[in-house]
Each structure stands twice: as C-alpha cells, then as structure tokens.
Amino acid sequence: MIPPSELPINEDGSVYHLHLRPEHLAERIILVGDPGRVTVVAKFFDEIECEVQAREFHTITGSYKGKRVSCVSTGIGCDNIDIVMTELDAAVNIDLEQRQVKDKLTQLSIVRIGTCGGLQPFIHLGSFVASVKSIGFDGLLNYYEGRDEVCDLALEEAFKKHMSWNYKKGSPYVATADEELIERVAGKDMFRGITISCGGFYGPQGRFVRLSPQDYEQNLKVESFSYQDPKHPDADPLMICNFEMESSALAGMSALLGHKAMTCCMVVADRYTTKMNTEYKSSISDLIKLVLDRI
C-alpha cells in the first residue's frame, strides 16, 4: 500500500497536482509546456470530452479522427516532468482507492510538442526536430533506481570526455526515445538527432546576459560533438541538434515506467546565427496537426 505522503490523492479521487482521475485520461497523450497551448491543440479535436486545470497543469481530453487523445500542459522544466509522468502513470497503473499497483500495466503513448533552440547550421528557424537521444543536464534520472538500464552509457561517456565535463554540474544522463514512436511520428518531416535538456533557459544553455556561463566554450563543444550509434552502424552519426528543457526526463522516466515517449520541437531560436522568432505561436499549428495525425 502506497502511503498518502508518497502519493497524495485529492478528496475527489484525482492525483494531487494534475487533478486528473483515471477516466479523464486517454492512452494517447500530447504534452505541451504552455497551458494556453492545450487549447490550441484541442481546437483540432472533433469532440471535447473533459477539461481540467490546476496550477500550470491544463488537460483537455477529446477525440481526433476516431482517436481518443489527451493534451496535458507540464509547465517548464524536467522537475515538472517528474510530477507529470509520475501522476499520469499513477492515474492508469495504480488503484487510487486501494493505493496499490495494478496487476496489468497500461502503456501510454506520449509525444511532447515543444519549442527549442537549434544548434547546427543546417537547422533553421521553423525546422522540426525529433529527439532520438536526449542528454539531461538536469540530473533528474540519477535519483531513480534502474537509471543505468535505460540510459545510453557509451554515449554518456563519449559526451563527458568531449566536453571535459565539470562534475560540479552533476552527471549528465542520456535517455532514448521510443523507436517505434520516432519512426511513426518523425516520418520524413523532421531532423533526427541528439537533444540537450537543460536545467534553465539562460546559463545552462550558454546564454550571456549579466551573468556568464561557467564554460565559455560550452556551445562550441556541443555543436562539434557527434556519435556513431553501434546499434545503427550504417546510419549517419548523430549530432546534437537542439537545446530544450524537458525531453530527457520524459524519455527516461517513460522508459523506467514502461511507457512509449518522444519529443519533437519546432526551432524558434537559431543559436548558430543568433536569430530568434518570438512570434512562432501561429506556425506551431503545423507541427501539432502532424503529431495528431500520427500519434
């Protein structure tokens, strides 16, 4: 029996932060950061079944071309992904009345739609990037048992060596997206590569405002890193395509919990040319439609 202090449950039987009950949730889930973007996704739905909002966590469940889909906002950062993934899993895999794990696992298919900063000269503003591997600068997965079993340890070591990694920052981990989801959702419309999930928007992503990053050469080293995946020796080496703030935690926690997950982002900041598109909200609808068709 899972104690109340470990898994708080609200009086209405919903999970603590998301305020979702099991019947609110579809097995196909789109995650977005911005609570307002949930409404943008739901505009494509043929029918809306329910809507729940608590703090930054906004959920709409409905149907799209015969598929039942939930869209859930996470807010910003891997720490919020820890909350969202734990509570989504609890809603479907824990008997919330008995506080016990169910005998049969319900596997969720989760696609995060986000925005990111592009890191390569061939990835321009407006490009779509699918995160095949995600390097977590946040350290979240290091708190969970089984972390090594779901991480690409060889890529971790190669990256740390390439970066001359400063362990005061904690140890980065490398999580892998679900291969079947990548093939189905990324298709031929998205760049595929490595994503770095950062614990912040400014310093951790090498931005200089009034404070300077610890490593002035960080982004140059990141851009020059490549990795030949031994599981795919005939494929092109993977390069680091983008910075964002959630994909590593999503891929890692989903793998530990037995779910399928991936992240795809639209590039709104070109870190290579230092250009930025702050008026991207209308154009991200193309990516939303693409994911809804393929999830």
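As a starting point, this report considers the structure included with it. (Residues numbered from 1 in each chain as written. Predicted model: local features only at pLDDT ≥ 70, side-chain atom pairs only at ≥ 80, totals over all residues. Heavy atoms only, no water.)

**Comments concerning the overall build of the protein chain**
For step 1, the next point in the chain: When its secondary structure is counted, the protein chain shows seven helices and 14 strands.
For step 2, the next point in the chain: Taking the principal axes of the C-alpha coordinates as reference, the protein chain spans close to 50 × 45 × 40 Å.
For step 3, the next point in the chain: As presented, the protein chain carries roughly 13800 Å² of accessible surface, and 51% of it is formed by carbon and sulfur atoms.
For step 4, the next point in the chain: Side chains of the protein chain give 31 positive and 42 negative charges; the mean places of these two sets differ by 5 Å. (Helix = DSSP H or I, 4+ residues; strand = E, 2+ residues; numbered from the N terminus. Areas by Shrake-Rupley, 256 points an atom, 1.4 Å probe, with all protein chains shown as cover. Lys, Arg positive; Asp, Glu negative; His and termini not counted. Charge placed at Lys NZ, Arg CZ, Asp CG, Glu CD.)

**Overview of a nonpolar patch on the surface**
For step 1, the next point in the chain: A surface patch of nonpolar side chains, amounting to about 340 Å² of accessible area, comprises Tyr143, Tyr144 and Leu256.
For step 2, the next point in the chain: With respect to the element layout, Leu256 can be found in helix α6 (residues 247–257). (Patch = residues over 30% accessible without salt bridge, like charges linked within 9 Å, V, L, I, M, F, W, Y side chains within 5 Å. Salt bridge = Lys/Arg side-chain N within 4 Å of Asp/Glu carboxyl O.)

**Notes on the environment of Glu223**
For step 1, the next point in the chain: Inspection of the secondary structure assignment puts Glu223 in helix α5 (residues 218–224).
For step 2, the next point in the chain: Taking the C-alpha atoms as reference points, Glu223 and Leu119, 104 residues apart in sequence, are found 6.1 Å from one another.
For step 3, the next point in the chain: Sequence-distant contacts of Glu223, that is, excluding residues within four places in its chain, are made with Leu119, Gln120, Met239 and Tyr272. (Contact = heavy atoms within 4.5 Å.)

**Quick word on the environment of Val129**
For step 1, the next point in the chain: One can find Val129 in strand β8 (residues 128–136).
For step 2, the next point in the chain: With 120 residues separating them in the primary sequence, Val129 and Ala249 have C-alpha atoms 17 Å apart.
For step 3, the next point in the chain: Residues in contact with Val129, not counting those within four places in the same chain, are Ile123, Phe191, Cys241, Asn242, Thr263, Cys264, Cys265 and Val267.

**Here we look at the pattern of salt bridges**
For step 1, the next point in the chain: Evaluated as defined, the whole model comprises 17 salt bridges.
For step 2, the next point in the chain: The salt bridge involving Lys133 is made with Asp152; its shortest N-O contact spans 2.9 Å. Here Asp152 lies in the loop between β8 and α3 (153–163) and Lys133 lies in strand β8, a separation of 19 residues in the sequence. The two residues Lys133 and Asp152 agree in class, both being buried.
For step 3, the next point in the chain: Put simply, Arg294 and Asp189 hold a salt bridge, and the shortest N to O gap is 2.4 Å. Here the residue Arg294 occupies a position in helix α7 (residues 285–294), and Asp189 occupies one in the loop between α4 (179–186) and β10 (191–197), the gap between them amounting to 105 residues.
For step 4, the next point in the chain: What makes Arg294 partly exposed here is its relative accessible area of 22%.
For step 5, the next point in the chain: One salt-bridge network, in which partners are shared between bridges, spans Asp12, Arg21 and Glu23. (Buried < 20%, exposed > 50% of the residue type's maximum accessible area, 1.4 Å probe, protein only.)

**Observations regarding the pairing of strand β2 (residues 47–54)**
For step 1, the next point in the chain: Pairing of β2 with strand β3 (residues 57–64) involves seven bridges; the strand directions are antiparallel. When the sheet's bridge partners are listed, Val52 is paired in β3 with Thr59.
For step 2, the next point in the chain: In this structure, the hairpin formed by β2 and β3 is closed by a connection of two residues, where Arg55 is found at a positive phi of approximately 55 degrees. (Pairing = 2+ DSSP bridges.)

**Digging into the packing of aromatic side chains**
For step 1, the next point in the chain: One pass over the full model with this rule turns up seven aromatic pairs.
For step 2, the next point in the chain: Look at Phe137 and Trp165: their rings are 5.1 Å apart centre to centre, the planes differ by 55 degrees, and that puts the pair in the tilted class. Of the two residues, Phe137 is situated in the loop between β8 and α3 and Trp165 in the loop between α3 and β9 (173–176); the sequence distance between them amounts to 28 residues. Assigned by exposure class, Phe137 and Trp165 land together as buried.
For step 3, the next point in the chain: Grouped by ring-pair contacts, the aromatic residues Phe137, Phe159, Trp165 and Phe225 constitute a single cluster. (Phe/Tyr/Trp six-rings, centres within 6.5 Å; stacked < 30°, edge-to-face > 60°.)

**Focus on the packing of helix α2 (residues 78–93) against α6**
Helices that pack against each other are described as a pair by the angle of their axes relative to one another and the distance between those axes.
For step 1, the next point in the chain: Closest axis-to-axis distance for the α2/α6 pair is 9 Å, and the angle between their directions is 30 degrees. Comparing the axis directions of α2 and α6 gives the class roughly parallel. For the pair α2 and α6, the crossing hand works out as right-handed. On α6, the residues touching Cys78, Ile81, Asp82, Met85, Thr86 and Asp89 of α2 are Ser248, Ala249, Leu250, Met253, Ser254 and Leu257. (Axes fitted to C-alpha atoms, helices over the stretch in contact; angles between N-to-C directions. Parallel < 35°, antiparallel > 145°, perpendicular 65-115°, else oblique. Left-handed = near helix turned anticlockwise from the far one by under 90°.)

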